[in-house]
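# Analysis of the macromolecular model
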There are 6 protein chains.
Amino acid sequence: MHIRVITPITTKGFTTVADFDGVAREGTVVSVGHLEAGPASIESEFDEAFALPNMVVRMMEAERDGADAVVIDCMGDPALAAGREVLDIPVVGASQGGMHLAAMLAHSFSVVTVLKTLRPMFEHAAGRYGLESKLSSVRSVEIPVLELESDMGRLVDELVEESVKAIEQDGAHAILFGCTGMKGCAVGLQRGVAERGYPQVPVIDPVAGAVKLAEILVDLGLAQSRLTYATPREKEIAGYDIPARAGAARA
Amino acid sequence: MHIRVITPITTKGFTTVADFDGVAREGTVVSVGHLEAGPASIESEFDEAFALPNMVVRMMEAERDGADAVVIDCMGDPALAAGREVLDIPVVGASQGGMHLAAMLAHSFSVVTVLKTLRPMFEHAAGRYGLESKLSSVRSVEIPVLELESDMGRLVDELVEESVKAIEQDGAHAILFGCTGMKGCAVGLQRGVAERGYPQVPVIDPVAGAVKLAEILVDLGLAQSRLTYATPREKEIAGYDIPARAGAARA
Amino acid sequence: MHIRVITPITTKGFTTVADFDGVAREGTVVSVGHLEAGPASIESEFDEAFALPNMVVRMMEAERDGADAVVIDCMGDPALAAGREVLDIPVVGASQGGMHLAAMLAHSFSVVTVLKTLRPMFEHAAGRYGLESKLSSVRSVEIPVLELESDMGRLVDELVEESVKAIEQDGAHAILFGCTGMKGCAVGLQRGVAERGYPQVPVIDPVAGAVKLAEILVDLGLAQSRLTYATPREKEIAGYDIPARAGAARA
Amino acid sequence: MHIRVITPITTKGFTTVADFDGVAREGTVVSVGHLEAGPASIESEFDEAFALPNMVVRMMEAERDGADAVVIDCMGDPALAAGREVLDIPVVGASQGGMHLAAMLAHSFSVVTVLKTLRPMFEHAAGRYGLESKLSSVRSVEIPVLELESDMGRLVDELVEESVKAIEQDGAHAILFGCTGMKGCAVGLQRGVAERGYPQVPVIDPVAGAVKLAEILVDLGLAQSRLTYATPREKEIAGYDIPARAGAARA
Amino acid sequence: MHIRVITPITTKGFTTVADFDGVAREGTVVSVGHLEAGPASIESEFDEAFALPNMVVRMMEAERDGADAVVIDCMGDPALAAGREVLDIPVVGASQGGMHLAAMLAHSFSVVTVLKTLRPMFEHAAGRYGLESKLSSVRSVEIPVLELESDMGRLVDELVEESVKAIEQDGAHAILFGCTGMKGCAVGLQRGVAERGYPQVPVIDPVAGAVKLAEILVDLGLAQSRLTYATPREKEIAGYDIPARAGAARA
Amino acid sequence: MHIRVITPITTKGFTTVADFDGVAREGTVVSVGHLEAGPASIESEFDEAFALPNMVVRMMEAERDGADAVVIDCMGDPALAAGREVLDIPVVGASQGGMHLAAMLAHSFSVVTVLKTLRPMFEHAAGRYGLESKLSSVRSVEIPVLELESDMGRLVDELVEESVKAIEQDGAHAILFGCTGMKGCAVGLQRGVAERGYPQVPVIDPVAGAVKLAEILVDLGLAQSRLTYATPREKEIAGYDIPARAGAARA
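In this text, all values refer to a predicted model and were calculated from it rather than measured experimentally. (Residues numbered from 1 in each chain as written. Chains lettered and ligands numbered in written order. Predicted model: local features only at pLDDT ≥ 70, side-chain atom pairs only at ≥ 80, totals over all residues.)

## Some thoughts on the interface of chain A and chain B
Test applied: Contacts are defined on C-beta atoms placed from the backbone: any two residues whose C-beta positions lie within 7 Å are in contact. Elements are defined by DSSP. Helices are runs of H or I of four residues or more, strands are runs of E of two residues or more, and each kind is numbered from the N terminus. In this classification, Asp, Glu, Lys and Arg are treated as charged, Ala, Val, Leu, Ile, Met, Phe, Trp, Tyr, Cys and Pro as nonpolar, and every other residue, Gly included, as polar. Any two strands are treated as partners once DSSP identifies two or more bridges connecting them.
Contacts between the two partners involve 38 residues from chain A and, on the opposite side, 38 residues from chain B. Every element with two or more residues in the side of chain A that touches chain B is listed here: β3 (38–39), α1 (45–64), α2 (80–86), α4 (119–128) and β10 (237–238) of chain A. Residue classes in the side of chain A that touches chain B are distributed as 20 nonpolar, nine polar and nine charged. Inspection of the sheet shows β3(A) paired to strand β10 (residues 237–238) of chain B by two bridges, in the antiparallel sense. The residue bridging A:P39 from the neighbouring strand is B:I237, located in β10(B).

## Concerning the nonpolar core
Worth spelling out the cut-off: Here a nonpolar core is just a set of buried residues of the types Ala, Val, Leu, Ile, Met, Phe, Trp, Tyr and Cys, joined wherever their C-beta atoms sit within 7 Å. Residues with at least 20 other C-beta atoms within 10 Å of their own are called buried, those with 12 or fewer are called exposed, and the rest are partly exposed. The C-beta atoms themselves are positioned from the backbone.
Counting residues in hydrophobic clusters, the biggest one holds 588 residues, and the most contacted among them are A:V71, B:V71, C:V71, D:V71, E:V71 and F:V71. Setting aside its immediate chain neighbours within four residues, F:V71 contacts F:I3, F:V5, F:V92, F:A94, F:V207, F:A210, F:V211 and F:A214.

## With respect to the arrangement of the chains
Separated in space, chain A and chain D share no contact, their closest pair of C-alpha atoms being 15 Å apart. Contact between chain C and chain F is absent, and the minimum C-alpha spacing across the pair is 15 Å.

## What about helix α7 (residues 206–220) of chain B?
Residue and element names in this part refer to chain B. This is how the line gets drawn: Here a helix's expected span is defined as the number of its residues, less one, multiplied by 1.5 Å.
With 15 residues, α7 should cover 21 Å at 1.5 Å per step; its first-to-last C-alpha distance of 21 Å lies within 8% of that length. Within the sequence span of α7, burial applies to P206, V207, A208, G209, A210, V211, K212, L213, A214, E215, I216 and L217. At the exit of α7 stands G221, carrying a positive phi of roughly 70°.

## Section: helix α6 (residues 186–195) of chain D
All names here are of chain D. To keep it simple, the criterion reads: The arc in question is traced by the directions running from the helix axis to the C-beta atoms.
Taken together, the buried positions of α6 are occupied by A186, L189, Q190 and V193. Looking down the long axis of α6, one finds its buried residues gathered within 100° of arc, a one-sided arrangement. Residues of α6 that are exposed and point more than 90 degrees away from the buried face comprise V187 and E195. Positioned one or two residues after α6, G197 has a phi angle of 105°, which is positive.

## Here's the deal with the relation of the copies chain C and chain D
To keep things clear, this is the line we draw: For this overlay, a least-squares fit was computed on C-alpha atoms, restricted to residues scoring pLDDT of at least 70 in both copies.
You can overlay chain C on chain D at an RMSD of 0.0 Å; the transform is a turn of 180° with a shift of 0.0 Å along its axis. Those values place the two copies in the arrangement expected of a two-fold rotation axis. Ranked by how close their C-alpha atoms come to the rotation axis, the residues of chain C are headed by C:G127, at 3.5 Å. A symmetric contact is evident, with 100% of the interface residues of chain C recurring at the interface of chain D.

## Observations regarding the interface of chain C and chain D
Taken together, the contact pairs 38 residues of chain C with 38 residues of chain D. At the level of secondary structure, the elements contributing two or more residues to the side of chain C that touches chain D comprise β3 (38–39), α1 (45–64), α2 (80–86), α4 (119–128) and β10 (237–238) of chain C. Per-class residue counts for the side of chain C that touches chain D are 20 nonpolar, nine polar and nine charged.

## What to know about the relation of the copies chain A and chain B
Take chain A, turn it by 180°, move it 0.0 Å along the axis, and it overlays chain B with an RMSD of 0.0 Å. Taken as a fraction of all interface residues of chain A, those also at the interface in chain B reach 100%, which identifies the copy contact as same-surface.

## What about the domain arrangement of chain A?
Many structure descriptions define interface size as the accessible area lost when the parts assemble. All names here are of chain A. Our working rule: The domain boundaries here were taken from an automatic or database domain assignment.
Taken domain by domain, chain A comprises domain 1 (2–94 + 207–220) and domain 2 (96–205). Using C-alpha coordinates to define each centre, domain 1 is positioned 21 Å away from domain 2. Contact with domain 1, which involves 21 residues of that partner, is made by 19 residues of domain 2. Only β5 (91–93) and α7 (206–220) provide two or more residues apiece to the side of domain 1 that touches domain 2.

In structure tokens form, the structure reads like this:
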């Protein structure tokens, strides 16, 4: 099985194949991709707007390359709907997948993200995914995306701090990372939260979760509904070089 | 007062200055714009993805040109949030504005749009705008966007047919056009619905409504909240030529 | 254009024509009215009950007098539905109009009103207008309606204090005055909130907003839906002197 | 125990003491009242507006007269909140009480009322009472209030017809009368619905239900919360002759 | 009238007939029952699972014994739906009944229960009963069920403390006991809350409330809807000795 | 990896190891279990009540036996919460897992179950799982559980019929089996729906989905939150032979 993880930014090395060692099961090949055109990181709807076209193109290329599923490596799930419309293989968003995993395991969950300005984006996403009643709060470590990895110790400390506040003040029963740049912190965060008196609180690393969901959708022969994500009518799109469509979504 | 109406497609002449004769009040100058890069029309989330970057750029240019407000001439409200983040002048979406006008005048409203595949998009928008309890249904005339104007008589007939079904079967108390290409049909639709036994049912032409809302926001000195639409951090965006930011949103 | 603003209390001078200088656009005539029978101020549902009959009569007189629209100058929107049933011209409530303007500009808003006992009333109104998910909280300055104007400096200080709490503790992204007696305070409040670290937070003065909404409804030829606000059947009403109905709502 | 049932209309004989034979338990005295000023019947928000002042006065008189509870004999629950603010004895609305009884016994219920134009009123009430998720639909027999009793056979037939539609098309599991003028029809309706294949479907007669709820609130020493229904501040109310307040609600 | 109150635990004396002196009206006989098989107390969904079978059997026996109604004496309402399916007499749950009484009297209510781990259970119940918008919070005294009666003074003090927090921090306007073992504390709690500045705040003792609701359902000839609670098909159930069904629910 | 699938009924052979050939991935051992005490099938809340105790015991035995996860093979998810409280390994319910998978792939889904009387159960479950806004409808084939396999051709035909109605009349974009006895019908149903004009509509077989979800939860080291599912306090439970608790949930 081949799963393509695409990071919708131009920064190289943000996500690497090695990030999925021990995540993907034996026999699953994970390949990664990033953008050629778009923002260096996504921290606003403005940034996201410039990520969409190339992200859709990258998704179409992944299907052409024979990928069995695509994972969107960003908590804004950019181009989730657009990609699902033109791909036949399943497209899994880190945010959508992560929220459903959290909702399955706990009465309520909080998102701990990079910047507090992202609260509306997560609340809209929870609404769109049908999970607004499960979202306790959106909290933030106030570290920009591209600085997350510069001091992992501080990052984990801040994550623990905000997660404990989410539990004690907001009623959260699980924690979902609000940026895919936090990958690798789940074990540390879970341990830190346990040390503060809350053992066995699930911490969801959304990219890992999305890759695993992609694996089982492929196994089950399931993909996005064509009733929700109708194949777009062919038309002229100026200024972009769009690959031919693969599979049944073609015409 | 200067209001810039931007149509997020590359098709010229879809909306013209003359469309706002008798809509804009005396003293309001309406200018129109369209995209250089993007889709010929928007009928899917795929189409919309390719409209976003140039739409944001066009909005920024409008502010640079001295516009007092920007109106998005499309019922998907593409780039509403992205544009609001980088502009200080008010940005009004046809969909958001139209839904609020409908909700103010009636217990419930239905959207009558071009294609039935757009139902999820409108339901998500209603949720995002906080108005899901007011949306009775999404119905469609099944005419593509760029064919709407080819037979206006048929269009009005279909609009009447679907609007009466919305009233009788879905409980709608007002009708909102689900495509800005339907402008000019409100009077005919209202008359047609009245002839079918339902007088004084508001029919909302969303672009006209959005222009009028823009006028009063400017008069009232109001614009989008910077708490909801935080100014994006400056960063590199590859492949796009983005104008310098105007006004207070400039870093 | 002629807009009649009616204050549903017997206290004279609470609202004057001069309050709309710089609010109504050139060419709009604003006239004001108040009650002959009813409470000196409205601070409870008990007070409001005694305002309703004369308020409906005053609205009917406004239509007879040739007004193009009626604005209800009270945040309880007393007689909004009753008036809409018997009038053909648009009736705009300060509360309904203000809530929709706030919801259009921000992810969430708080109402800052006179007395904390009014929280249920505002929560019910938000529900009725379909906007409960946008209402962050109801806060109060604890100053009775008729004492609001006695110390405007203190009023603005209290408004700033409660608005900052609404932003920091309740997640509000815009502020809506919860009493039309607060008119004239929007600029001061916006400045005060900005000085506390929150620039570009919309402050909605609901009566001003309602007058502007009335202007554009008249321009657009829109009024309340007759499906929501059916014309009442003629019947005997003892103890009240009710004017004959004008326009199409006349049986 | 003394329960005062007040009908908020001026029509005499609409509700009589005899209506509660077999409803009130032994030892409960039911007295009835109606309005001196107000509408002959209530079929719109316009009608209701003119019922409120005298209804509040009548409630205050009931408390002065030593009643232990007041029941509002109308499905619009006119003056429920206003009366609760100034009375210390429990005030029970037919609509609120009836909806809660229906919600306790069934997964969902429909209201069958007099006129279809009342749908918004019932949907607002369900929202205000916290029960919108339990309301399946609002249906109507299209018989005006004051003609209900002129042909009881036809009324029951129409009620059966609409109730069966509510069950089969709307998913209702219980039926609530949408006008207190339907009292006396519960047994016939329940039988009629059973004959159509739906035995043991609860039919709620709301006035009877409200009287019984009043009995147990008095027994339990419970009344409306003063936090929700704060005692109104004393003030001048012109044009109405308002009794002095009784009990603890007196300033 | 004969009402059977069944406590779904094996602990004898938790609830006694004397508890209903002054609650049941003259002429109502209250009998009590408890389990032979099941948990000593219910403080988790695990405990509740083992209470269900014998609870259903006890309910069926009550109907066989000629009871006119059954009351479930536990705030988890164990076997409410199961019992309603096989009984024709009304079954009233303490939790469902108590929540509806609280919702009728106040804009919002909080549950004060034994252990904070029960929050999900109460939030699910409120959702199931259609009352989630009325539930302000779930608070706890952190005293296990079987220790509640060991120090009634401390219990009332803790109830007052949590109730005041519920009012001041969560916006509660009424208090509902979250364990039927708190019976007898309503008067003390209401007084304590009044002394802290909040007079006339309803305190709902749910078992008492459920018994009173049972009385009036019997009077009104009402019971659970057979559309919601369909008679179960007869089938083999191994390991349990199930009485024959009484009444119309039989086959 | 070892996954134990437990069917909460006493009927042998309802689910067999062979049912998971081609579902479980290489390396996953699926074992199955059923009840010794309880109902022959579950078609009501009455039936379910008698399944709970032995189901909890069976789950505890599975953990003792070294299973890595437990799957509940019934769409009522009996003992999901109870089992999660006492087990440390993840417990996955067919209903909860199936609903989340459907919600991830489509804007909306319908459940097609055995009997229409199960609608309240599914609506409550959707609410409890936070997915009520995604559930379009509950439809049924009206075939009892134990007769499902007697005529698979007719079953698939009925499933297609109801699924097409769900799509056309209720707006469903995906179909979830409402009984785990329908396993094996997904391919036929998807083909049948495609032949009726709706290709690429996801059909979710919930037991298969739950097994796959269990696999990835184990891989990810995730299990239910101890904040939602607190370890039950040790206490006497009469009449049941309960195994000692394994793992960390042991007191």
